[in-house]
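Listed here are the chains, written in short residue letters.
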There are 4 protein chains.
Amino acid sequence: MSHTIEHKTKLLGRIRRIKGQAEAVERALEAEIGCADVLMLVASMRGALNGLTAELMEEHIRHHVVNPDSEPDSERARGAAELIDVVRTYLK
Amino acid sequence: MSHTIEHKTKLLGRIRRIKGQAEAVERALEAEIGCADVLMLVASMRGALNGLTAELMEEHIRHHVVNPDSEPDSERARGAAELIDVVRTYLK
Amino acid sequence: MSHTIEHKTKLLGRIRRIKGQAEAVERALEAEIGCADVLMLVASMRGALNGLTAELMEEHIRHHVVNPDSEPDSERARGAAELIDVVRTYLK
Amino acid sequence: MSHTIEHKTKLLGRIRRIKGQAEAVERALEAEIGCADVLMLVASMRGALNGLTAELMEEHIRHHVVNPDSEPDSERARGAAELIDVVRTYLK
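Thresholds, definitions, all that
Residues numbered from 1 in each chain as written. Chains lettered and ligands numbered in written order. Predicted model: local features only at pLDDT ≥ 70, side-chain atom pairs only at ≥ 80, totals over all residues. Heavy atoms only, no water. UniProt positions renumbered as here; feature names shortened; annotations may be inferred. Helix = DSSP H or I, 4+ residues; strand = E, 2+ residues; numbered from the N terminus. Rg over C-alpha atoms; globule rule 2.2 N^0.38 Å. Buried < 20%, exposed > 50% of the residue type's maximum accessible area, 1.4 Å probe, protein only. Contact = heavy atoms within 4.5 Å. Areas by Shrake-Rupley, 256 points an atom, 1.4 Å probe, with all protein chains shown as cover. 1 Å grid on protein atoms, 1.4 Å probe; cavity = no way out; pocket = protein on both sides within 12 Å on 5 of 7 lines; lining within 4 Å. Points joined across faces, edges and corners; volume = space filled by probe spheres on them. Nonpolar A, V, L, I, M, F, W, Y, C, P; charged D, E, K, R; others polar. Polar contact = N/O pair within 3.5 Å; in protein donor to acceptor, adjacent residues only side chain to side chain. Buried area = accessible area lost by both parts, 1.4 Å probe. Salt bridge = Lys/Arg side-chain N within 4 Å of Asp/Glu carboxyl O. Axes fitted to C-alpha atoms, helices over the stretch in contact; angles between N-to-C directions. Parallel < 35°, antiparallel > 145°, perpendicular 65-115°, else oblique. Left-handed = near helix turned anticlockwise from the far one by under 90°. Least-squares fit on C-alpha atoms with pLDDT ≥ 70 in both.

As annotated in an unreviewed UniProt entry, chain A is Metal/formaldehyde-sensitive transcriptional repressor from Methylobacterium nodulans. As stated in UniProt under Sequence similarities (unreviewed entry), the record for chain A gives "Belongs to the FrmR/RcnR family."

Lay out the overall build of chain A in plain terms, naming residues and giving numbers.
In terms of helices and strands, chain A carries three helices and zero strands. Beginning at the N terminus, the succession of helices and strands in chain A can be written as α-α-α. Relative to the 2.2 N^0.38 estimate, which gives 12 Å for 92 residues, the radius of gyration of chain A is 17 Å and therefore markedly larger than a compact globule would have. Structurally, chain A occupies a C-alpha span of about 55 × 25 × 15 Å along its principal axes. Split into buried and exposed, the 92 residues of chain A put 49% on the buried side. For chain A, long-range pairs separated by at least 24 residues make up 56% of all intrachain contacts whose partners lie at least 6 apart in sequence. Of the roughly 4,200 Å² that chain A leaves accessible, carbon and sulfur atoms contribute 49%.

So what's going on with the layout of surface pockets? Residues and values would help.
Counted as a void, the largest pocket has a volume near 1,600 Å³. Lining of the largest pocket is provided by 43 residues; of these, R46(A), R46(B), N50(B), R46(C) and R46(D) occupy positions nearest its centre. Only helix 2 (35-65) and helix 3 (74-91) of chain A, helix 2 (35-65) and helix 3 (74-91) of chain B, helix 2 (35-65) and helix 3 (74-91) of chain C together with helix 2 (35-65) and helix 3 (74-91) of chain D provide two or more residues apiece to the lining of the largest pocket. Looking at the lining of the largest pocket residue by residue, the classes come out as 20 nonpolar, 15 polar and eight charged.

Hey, could you go over the side chain of E71(D) for me, with residue numbers and the actual values?
On the secondary structure map, E71(D) appears in the loop between helix 2 and helix 3. For E71(D), a relative accessible area of 13% gives the class buried. At a separation of 3.3 Å, a polar atom in the side chain of E71(D) contacts the main-chain amide nitrogen of D73(D). Excluding its chain neighbours within four sequence positions, the residues that come into contact with E71(D) are R76(A), V66(D), R76(D) and A77(D).

Summarise the interface of chain C and chain B; cite the residues concerned and give the values.
How big an interface is tends to be stated in terms of accessible area lost as the parts join. With 16 residues of chain C at the interface, the matching set in chain B holds 16 residues. In total, about 1,400 Å² of surface goes out of reach between chain C and chain B, with carbon and sulfur atoms giving 65% of it. Looking at the side of chain C facing chain B, the largest losses of area belong to V65(C), R76(C) and L83(C), adding up to 39% of the total buried there. On inspection of chain C and its partner chain B, the count reaches two salt bridges. Between E71(B) and R76(C) there is a salt bridge, with its nearest N and O atoms 2.4 Å apart.

Mind laying out the packing of helix 1 (residues 5-30) of chain A against helix 2 of chain A, listing which residues take part and the relevant values?
All names here are of chain A. For the pair helix 1 and helix 2, the least separation of the axes is 10 Å and the interaxial angle reads 160°. One way to sum up the angle between helix 1 and helix 2 is to call them roughly antiparallel. Considering how the two elements wind past one another, helix 1 and helix 2 form a crossing that is left-handed. For the pair helix 1 and helix 2, contact is made by H7, K10, L11, R14, I15, I18, Q21, A22, A24, V25, A28 and L29 and by V38, L41, V42, S44, M45, A48, L49, G51, L52, E55, L56 and E59, respectively. In terms of residue class, the contact of helix 1 with helix 2 is made up of 16 nonpolar, four polar and four charged.

Now, about the relation of the copies chain C and chain B: what can you tell me, with residues and values included?
The two copies are related by a screw motion: chain C maps onto chain B through a turn of 180° and a shift of 0.0 Å along the axis, at an RMSD of 0.0 Å. Within this description, the copies of the chain are treated as partners about a two-fold rotation axis. Same-surface contact between copies: 100% of interface residues of chain C are shared with the interface of chain B.

Written out as structure tokens, the structure reads:
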């Protein structure tokens, strides 16, 4: 994944936020706050993990399969753009 | 969640493993290993988060709604046991 | 599930819509429309199935475990109401 | 999706089974069998829908983006093969 610095920074920001959420869940369990509140924290974490997954799949498609923005074969470019849309829909 | 010490320890073990997995993803992104490998790490993390969610929901049902093992009303006991099974099936 | 007629009608409406979506996917596959369009139909179906699941779990909690609107034990009533919220959050 | 006849038949078989499962859920709701049993039927349906989704995504990648079995560019072939593995892992 030797992609742009900008993209790497963005992905690192996402995983660090998820790590921070895991730490919040850990503190909540230690403090014995209600299960329902812990479950809501875990639900946010799951949403953030889906967001990271969609971003990583898009990166993979663009950099290791077909980049719809620079692909000269227009059929493949369209196929890759549609695939990115599908991935986003499934993981949103 | 003032449950048993044993249970608290188990839940803390789960979230600490998930935090460790988040750190592994962070290191993988920093080291620029392949997207596909990072995605497999993220998939394991998602599985572990589902496991924690199922455990927390079961805890919540047992301690804040109806505990099938100690409930005198047998209909409610069965309803709660079935609900725990359903939650496990959906999150496995 | 000997619940209200109103509720049964609502649940039947949901599953019949999902069956209709399955028929639309079948026709799309027969007509050989693009994979990406079929995948979008399947994504809507998945959303509708999650909606039905949340509704059925809420029904189960209310009628076979604890109904937060009629439970005299206020702790249990709160626990069941929180559980319904959690289920909705996870399946929305 | 002008793919092989064999593949079309396989995909049609999958969606027809899912339609059959929807009909079983409809009959179960009409017969007022227990919520928990209906939820288990719905869980199987969700599994079958994930299987169909994985199959359709693989089809899309192979026929509209890059087919790892016939792609001359070995980097792209590997990227597409990895992507198919990732999709299967996420939807299994």
